[in-house]
Amino acid sequence: MKIYIPVILFFFLSFFSCQKKERIENLQIAEQVNISDSVYYAEGFRIERHADYTLATVRNPWDSKLVLQRYVLVPKASALPESLPEGILIRTPLERTVCYGSVQCSFLAEFGALETVIGVCEPQYINIPYIQENIKSGLIANLGQSANPNIEKIMLIEPEALFTAPIEGLGYGQVAKLGVPFIECVDYMESSPLGRAEWIRFLALFFEKDVFADSLFRNTVEVYEKYQAIANAVIERPTVMTETIYNGVWYVPGGNSYIAQFLCDAGADYLWKDNKSSGSLALSFEAVLEKAEKANCWLIKHNNPDALTYNNLIKEYPNYGFFDAYKQKNIYLCNTGTTPYYEELPVHPDRILKDMVWIFHPELMQDYKPRYYVKMNE
C-alpha cells in the first residue's frame, strides 16, 4: 500500500493552520471588542465582565466540580455597586502586593506591574534583577519561606493582596487571619504550555492591564504555534527522557503535563506520553532504565555554578552509563541558576519551545542560538 506523505502532510498542515488562524483571530476579536470572558487555552479560570464589576473565577484543579475562589473586581475610581455577587472584593488596580514565588513576579514583570511588589517569599529563587536589587536596598521585604512567611513583616508592609500558588490540602496558617486577600494562582496545574501562559490575562485584571496582557499573550501564541507547526511537520521523532535521580527517586513529567506537551510540540516522542498524570511521576531507577535505556535524547535541568560534564555525571551515579543517550553523548543541559528558565517558562513557552525544537531537530534551526539549553561537554 502506497502512502502519499506529501498529500497527507499538506492536509495535516492545512487543518492545523486553520485551527491556529481561528484561535488567533478569535483572540484578536476579543481584544478589539473587550470580550474578556473568552478563555482559549487555560482550563483553570474564567472571566465574566459586567457593567460595573468583573468576576474572575478560579476552578479547583483537584476537583473540577468545585470552585477554588471567586474575585469581584471593582475599579477604585468607581463607586462600589450596591449589589455584587459572592466573592472576594478587590479594588483595582492593586498598588501594594506580595508574591509568594518567582512565577507570580514573572507575570507581573511582563505586563509592567512589578513596581507594586513590596514583599516576596524565598527571594533567593527569584532570578529577576529588579527584585534582587530592591531586596538589597530594603524596598522589597524578604518574607522568608512561602510555607511559613513572616507574619510581622506582612503586617508592617500592609499589602493589598498576596499572590500565591496553593497546594492541595495545605492552608495558609496564621497569615490567613490577617484578612489580606489571597490571589490563588494554579497556573502550574494546566496541561498545556499555552494554557499556563494564558494566566497572564487573569493576573493582569487585578492591575487593569488586561488589554496589554491580551496583546502580549496573542504574540506568544503566534510564535509558539509557528514553531509547533515547523516541528510537527517532521516524519521522525527522537525519543526523549528527562532529569536525573534524586535521593533514590527519579521524577519525570506525567504524560498529561505541560512539560510532556512541550516535548510533543517540539517534535519529540516522549516515552511517558501515554501516562495520564498532569503532575510528576516518582519512579525507581529500574523503572526509568526499563523504559528509557534506548532513548535518543536526554534533557537535564540543574542548578550548579560549575559545569556538569559526562565525567561528573557518571561519578555522581555510575548507573547513568547504561543509557544510550549517555553512551552516544546526546545529553542537553539547562542550568536554571544561570538562565531565566523558571522565570520565563510560564510566561514565554514560545522561547522554551524554540530551544527544544533546536535540540530535537537541529536541521530546522541551523542559525538559532539556544537561550537555555546547551549540549553537555565531555
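Keep in mind it's a predicted model, so treat the numbers as computed, not measured.

Each helix and strand in the chain was counted, giving 13 helices and 17 strands. For 378 residues, the compact-globule estimate of 2.2 N^0.38 gives 21 Å, and the C-alpha radius of gyration of the chain, at 22 Å, lies within 12% of that figure. Each of the three principal axes of the chain carries a C-alpha extent, and together these read 70 × 50 × 40 Å. Across the chain, contacts joining residues at least 24 apart in sequence account for 59% of those joining residues at least 6 apart. As presented, the chain carries roughly 18800 Å² of accessible surface, and 52% of it is formed by carbon and sulfur atoms. With 34 positive and 46 negative side-chain charges, the chain shows a spacing of 4 Å between the two charge centroids.

For the rest of this paragraph, the subject is the confidence of the model for the chain. On average, residues of the chain carry a pLDDT of 89, and 90% of them reach 70 or more. Predicted confidence for residues 1–22 stays below pLDDT 50, and this span has 13 contacts to residues more than four positions away or in other chains. Across residues 24–36, confidence stays below pLDDT 50; counting only partners more than four residues off in sequence or on other chains, it has 24 contacts.

In any sheet, the strands associate via hydrogen bonds between backbone groups, in a parallel or an antiparallel arrangement. The strand order across the open sheet built from three strands is β11-β12-β14, with neighbouring strands paired in antiparallel fashion. Of all the strands in the sheet, the pair left with one neighbour each is β11 (245–246) and β14 (280–283). Across four bridges, strand β12 (residues 249–253) lies against β14 in antiparallel orientation. Opposite V252, over in β14, you have L281 as the bridge partner. The sheet contacts of helix α9 (residues 285–292) involve β11, β12 and β14, and relative to β14 the element is tilted by about 110°.

On the secondary structure map, D265 appears in helix α8 (residues 258–265). In this structure, D265 is buried with no salt-bridge partner, the nearest side chain bearing the opposite charge being R237 at 6.8 Å. A polar atom in the side chain of D265 sits 2.7 Å from the side chain of Y224. Among all residues touching D265, those that are not within four sequence positions of it are Y224, Y227, Q228, A231, N232 and L353.

Look at the link from T92 to P93: it is a cis peptide, with omega at 0°. As for its placement among the helices and strands, P93 is situated in the loop between β4 (88–92) and β5 (97–99). For E122, which is not glycine, the phi dihedral falls at a positive 50°. Here E122 is to be found in the loop between β6 (117–120) and α3 (129–137). The phi dihedral of E208 is positive, around 55°, even though this residue is not glycine. With respect to the helices and strands, E208 occurs in the loop between α6 (199–204) and α7 (210–232).

Time to look at the pattern of salt bridges. Summed over the entire model, instances satisfying the criterion amount to 12 salt bridges. Close ionic contact of D269 with K273 constitutes a salt bridge, the shortest N to O distance being 2.8 Å. A residue is classified by how much of its surface remains accessible, and D269, at 22% relative accessible area, is partly exposed. Using a relative accessible area of 45% as the deciding quantity, one classes K273 as partly exposed. Here K294 and D324 are joined by a salt bridge, their closest N and O atoms 3.9 Å apart. One end of the pair, K294, is in the loop between α9 and β15 (297–302); the other, D324, is in helix α11 (residues 324–327), with 30 residues separating them in the sequence. Relative accessible area serves as the criterion here: at 57%, K294 is assigned to the exposed category. For D324, a relative accessible area of 12% puts it in the buried group.

Conventions adopted
- Residues numbered from 1 in each chain as written.
- Predicted model: local features only at pLDDT ≥ 70, side-chain atom pairs only at ≥ 80, totals over all residues.
- Heavy atoms only, no water.
- Helix = DSSP H or I, 4+ residues; strand = E, 2+ residues; numbered from the N terminus.
- Rg over C-alpha atoms; globule rule 2.2 N^0.38 Å.
- Contact = heavy atoms within 4.5 Å.
- Areas by Shrake-Rupley, 256 points an atom, 1.4 Å probe, with all protein chains shown as cover.
- Lys, Arg positive; Asp, Glu negative; His and termini not counted.
- Charge placed at Lys NZ, Arg CZ, Asp CG, Glu CD.
- pLDDT = per-residue confidence, 0-100.
- Pairing = 2+ DSSP bridges.
- Axes fitted to C-alpha atoms, helices over the stretch in contact; angles between N-to-C directions.
- Buried < 20%, exposed > 50% of the residue type's maximum accessible area, 1.4 Å probe, protein only.
- Salt bridge = Lys/Arg side-chain N within 4 Å of Asp/Glu carboxyl O.
- Polar contact = N/O pair within 3.5 Å; in protein donor to acceptor, adjacent residues only side chain to side chain.

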